[in-house]
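# Topology and contacts: notes
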Amino acid sequence: MIVDLPDTTTSKVSKKLVTLREDGGVVSLGRVLTLVIVSQLGEEEEAIEAANDASREHPMRVLVLSRIPADNEGGAKPARIDAEIRVGGDAGASEVIILRAYGDAASNEDSLINGLLLPDAPVVAWWPIEAPADVARTAIGRIAQRRITDASEHEDPHAALVEIAKTYRPGDTDFAWTRLTLWRAQLAAVLDQPPYEPVTGVTVAGASDSASTVLLAAWLRMQLQVPVTQELTPRGSGDTGIHGVTLTRASGPIVLERPVDNVAKLTQPNQPIHELALPRRSLRDCLAEELRRLDPDPLYGEVITKGLVQLENEALAPEGTN
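Below, the structure is looked at part by part. (Residues numbered from 1 in each chain as written. Predicted model: local features only at pLDDT ≥ 70, side-chain atom pairs only at ≥ 80, totals over all residues. Heavy atoms only, no water.)

On to the overall build of the protein, then. Looking only at helices and strands, one finds 10 helices and 14 strands in the protein. Considering only C-alpha atoms, the protein reaches an extent of 70 × 40 × 35 Å along its principal axes. By residue count, 48% of the 322 residues in the protein fall in the buried class. Taking the contacts inside the protein whose residues are at least 6 apart along the sequence as the reference set, 71% of them involve residues at least 24 apart. (Helix = DSSP H or I, 4+ residues; strand = E, 2+ residues; numbered from the N terminus. Buried < 20%, exposed > 50% of the residue type's maximum accessible area, 1.4 Å probe, protein only. Contact = heavy atoms within 4.5 Å.)

Inspection of the entire model under this criterion finds 20 salt bridges. Residue glutamate 289 is joined to arginine 281 by a salt bridge in which the shortest nitrogen-to-oxygen separation is 2.3 Å. A single network of salt bridges, built from pairs that share partners, joins Glu44, Glu45, Glu84, Arg86 and Arg100. (Salt bridge = Lys/Arg side-chain N within 4 Å of Asp/Glu carboxyl O.)

For the rest of this paragraph, the subject is unusual backbone geometry. Cis geometry marks the peptide bond from proline 194 to proline 195; its omega dihedral reads 20 degrees. As for its position among the elements, proline 195 is in the loop between helix 7 (181–191) and strand 9 (201–207). Backbone geometry places aspartate 7, a non-glycine residue, at a positive phi of 45 degrees. Relative to the assigned elements, aspartate 7 resides in the loop between strand 1 (2–5) and helix 1 (10–24). Using a relative accessible area of 53% as the deciding quantity, one classes aspartate 7 as exposed. Here asparagine 270, not a glycine, exhibits a phi torsion of approximately 60 degrees, which is positive. Along the chain, asparagine 270 falls in the loop between strand 13 (263–267) and strand 14 (274–277).

It is worth spelling out the environment of threonine 248 at this point. When you line up the elements, threonine 248 lands in strand 11 (residues 242–248). Overall, the relative accessible area of 34% leaves threonine 248 in the partly exposed class. C-alpha of threonine 248 to C-alpha of glutamate 197: the two residues are 51 residues apart in sequence and 9.7 Å apart in space. Setting aside its immediate chain neighbours within four residues, threonine 248 contacts Pro198, Val199, Thr200, Gly201 and Pro253.

Two measures describe an aromatic ring pair: the distance that separates the ring centres and the angle between the ring planes. A full pass over the atoms with the stated rule returns three aromatic pairs. When the ring of tyrosine 168 is compared with that of tyrosine 300, the centres are 5.9 Å apart and the planes differ by 70 degrees; the resulting orientation is edge-to-face. Here tyrosine 300 lies in helix 10 (residues 298–316) and tyrosine 168 lies in the loop between helix 5 (157–167) and strand 8 (172–174), a separation of 132 residues in the sequence. Tyrosine 300 carries the same exposure label as tyrosine 168, and that label is buried. Among the aromatic side chains, those forming a connected cluster through ring pairs are Tyr168, Trp177 and Tyr300. When the ring centre of tyrosine 102 is taken as origin, the NZ or CZ atom of arginine 80, which lies over that ring, is 4.3 Å away. Above the ring of tryptophan 219, the side-chain terminus of arginine 184 is found at 5.7 Å from the ring centroid. (Phe/Tyr/Trp six-rings, centres within 6.5 Å; stacked < 30°, edge-to-face > 60°. Lys NZ or Arg CZ within 6 Å of the ring centre and 35° of its normal.)

As structure tokens, this is what we get:
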């Protein structure tokens, strides 16, 4: 069921929610968390669909703040809030409240959201499109235990990662890191097998606009403490994401590459080529994984603040000084 509340207030939305729960038996107090999605008007539906899918694994309420700022193109807009409430089959296993804020009403994020939060329920904030420079210090970020961004949605994903590293606070995370889970698991599994030789060098190949490629290189640099070379394909060539990783050892190289979207090939010395399932992760998969933990991710924090800095410093160092 979808209920529209044009030109309304958060107080009226809250009262309507109470009525819907009493009349229809909708239960929200048993939800384990509240997911706040901060987006721009017209760009929220993909994120809502991913949240609905993830809610079947993580029962939650979803609050969507979709904004049109006062200084947006087309001249100043009068302050107004249009709301939409989705329950039942239109909200997956969740309760979805969409607030479309226009003009000056879009600038008061905390006042729009606070009146709709449940007491004692953890809050996770997600910016599915381009996020502010320092999400932890935003009005929404200050009330959230976890703050999720996606550097790949920025015009310059690499610059976005550098900015994230400068402003990182415990509780921050990024989907560029979440997309690495399967790659990290496969590489760790390979190194857990004999002959247990040390890795002397690493090459990471990927698209030049792939934030995940950069983070994978930073993670390998930090974990293995060896030089890491990045082979980046120019933007616009048609190739996206991570292409492959080569680990150099005395007995020969280990190559994990993904020539097609869902299947990777693992090549090792004196072994047949193995084909492995390594699919590109959907928004739903990334969101569901991040919602499995509400405490900070210390490994991501180290990679973004230390591993990335090491990688950047080595890239800037004169040739032969690394």
